[in-house]
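Listed below are the residues making up each chain.
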Amino acid sequence: MHPEMDLDSTDVAILRCLQADGRASMRTIAKKVGVSVPTVSARLATLEQLGIVRGYTAFIDPERLNETPVTLVIKTKLQSAEKVAKELARRERVRRVSVAHSGWVVADATVPNREEVDQLLEEVAGLEDVVDCQHYVNVRTLKDVPRALVTDSLTTTLICFQCKGPIKGEPIKIRMDGRDHYLCCHSCERLYVEKYEKMKAGA
Ligand SMILES: [Zn+2]
């Protein structure tokens, strides 16, 4: 069992603000959501630790940089999709990889210019367990937005704040500084509390 947790309306509102503007300040978010700055800061820390907010980054347009985005649809040997996907994920030019069921991998890659498309395809075709690879050069992209759909009812599965692994069964919940922290086992709990207290003493 992987325990699930609902996000409340404050979390959802914070996510909406940040997805609209990743540079929004805590103060701006607090005003928009109607909560205090410390609340935003605490909620964001939890959203980051849950792996929901993965980072804050500039949304750079590859087409404005005259780069060439390519979509790859790769057929692999039946049991090898995961392995091929991992191999692809190691490459810098591959920007996103998804494993589909039964031997299919879909990947988005970006190459610096059109001439390098062939080189990429040869490389992919040469990978072990790749059976076939179709590709589509994205001539014109009409929509390209971050994938998470922020709706009013969102849930997440808990991950351990220390080891970042999935929590199986009942999570260990500890309350510090007015918010909940989730751990998978007592050794993670001990390490986490140690780290947390050290960080607080330093701050
Ligand atoms: Zn853990």
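Above this text is the structure in question.
Rules behind the numbers
- Residues numbered from 1 in each chain as written.
- Predicted model: local features only at pLDDT ≥ 70, side-chain atom pairs only at ≥ 80, totals over all residues.
- Heavy atoms only, no water.
- Pairing = 2+ DSSP bridges.
- Helix = DSSP H or I, 4+ residues; strand = E, 2+ residues; numbered from the N terminus.
- Axes fitted to C-alpha atoms, helices over the stretch in contact; angles between N-to-C directions.
- Salt bridge = Lys/Arg side-chain N within 4 Å of Asp/Glu carboxyl O.
- Buried < 20%, exposed > 50% of the residue type's maximum accessible area, 1.4 Å probe, protein only.
- Donors = N, O, S within 2.8 Å, 3.2 Å for Na, K, Ca; no water.
- Tetrahedral: all angles 85-135°; square planar, octahedral: opposite > 155°, others 65-115°.
- Phe/Tyr/Trp six-rings, centres within 6.5 Å; stacked < 30°, edge-to-face > 60°.

Colleague: Is there a simple way to think about the sheet that holds strand 2 (residues 68-76) in this case?
Modeller: The strands that make up a sheet pair up through hydrogen bonds in the backbone, lying either parallel or antiparallel. Ordered by their spatial adjacency, four strands build an open sheet running 3-4-2-5, and the pairing between neighbours is antiparallel. Strands with a single pairing partner mark the edges of an open sheet, and in this sheet they are strand 3 (94-100) and strand 5 (130-137). Direction aside, neighbouring strands of the sheet carry axes that sit 20 degrees apart on average. Note that strand 3 and strand 4 (residues 104-111) share six bridges and pair antiparallel.

Colleague: What should I look at first to understand the pattern of salt bridges in this one?
Modeller: Side-chain pairs of opposite charge can arise where the charged atoms are in close proximity. Evaluated as defined, the whole model comprises 15 salt bridges. With its nearest N and O atoms 3.5 Å apart, the salt bridge here joins Asp129 to Lys77. Note that Asp129 is positioned in the loop between helix 5 (116-125) and strand 5 and Lys77 in the loop between strand 2 and helix 4 (81-89), a separation of 52 residues in sequence. Note on Lys77: relative accessible area 49%, which makes it partly exposed. Linking Lys83 and Asp129 is a salt bridge whose minimum nitrogen-to-oxygen distance equals 2.9 Å. Placement of Lys83 in helix 4 and of Asp129 in the loop between helix 5 and strand 5 is noted, with a sequence separation of 46 residues between them. Overall, Asp129 belongs to the buried group, its relative accessible area being 13%. Taken together, the shared-partner salt bridges connect Glu87, Arg90, Arg91, Arg93, Glu116 and Glu123 into one network.

Colleague: Explanation requested: the pairing of strand 8 (residues 179-183) in the structure shown.
Modeller: Two faces belong to every sheet, and in a regular strand the side chains alternate between them. With respect to burial, strand 8 is a largely interior element, four of its five residues being buried. Bridge count for strand 7 (residues 172-176) against strand 8 is five bridges, and the pairing is antiparallel. Opposite Arg175, over in strand 8, you have Asp180 as the bridge partner. In textbook terms, the turn of a hairpin is the stretch between consecutive antiparallel strands, and for strand 7 and strand 8 this stretch comprises two residues, one of which, Asp177, has a positive phi near 50 degrees.

Colleague: Any chance you could explain the coordination of the zinc ion here in plain terms?
Modeller: The reference angle at a metal is 109.5 degrees if four donors form a tetrahedron and 90 or 180 degrees if six donors form an octahedron. For the zinc ion, the full set of protein donor atoms is Cys160 (SG), Cys163 (SG), Cys184 (SG) and Cys188 (SG), at a range of 2.3 to 2.4 Å. What the four donor atoms of the zinc ion show is an angle range of 103 to 113 degrees at the metal, which sorts the shape as tetrahedral. Binding-site remark: the zinc ion is held by donors from one chain whose sequence spacing is C-x2-C-x20-C-x3-C. Of the two residues, Cys160 sits in the loop between strand 6 (155-157) and strand 7 while Cys188 sits in helix 6 (residues 186-202), which places them 28 residues apart along the sequence. One exposure class covers both Cys160 and Cys188, and it is buried.

Colleague: What am I meant to see in the packing of aromatic side chains here?
Modeller: What describes a pair of aromatic rings is the distance from one ring centre to the other and the angle between the planes of the rings. Under the definition given, this model contains three aromatic pairs. Taking 5.9 Å as the distance between ring centres and 80 degrees as the angle between the ring planes, the aromatic pair formed by Phe161 and Tyr182 counts as edge-to-face. Of this pair, Phe161 sits in the loop between strand 6 and strand 7 while Tyr182 sits in strand 8, and the two are 21 residues apart along the sequence. Counting every residue linked through ring pairs, the aromatic cluster contains Phe161, Tyr182, Tyr192 and Tyr196.

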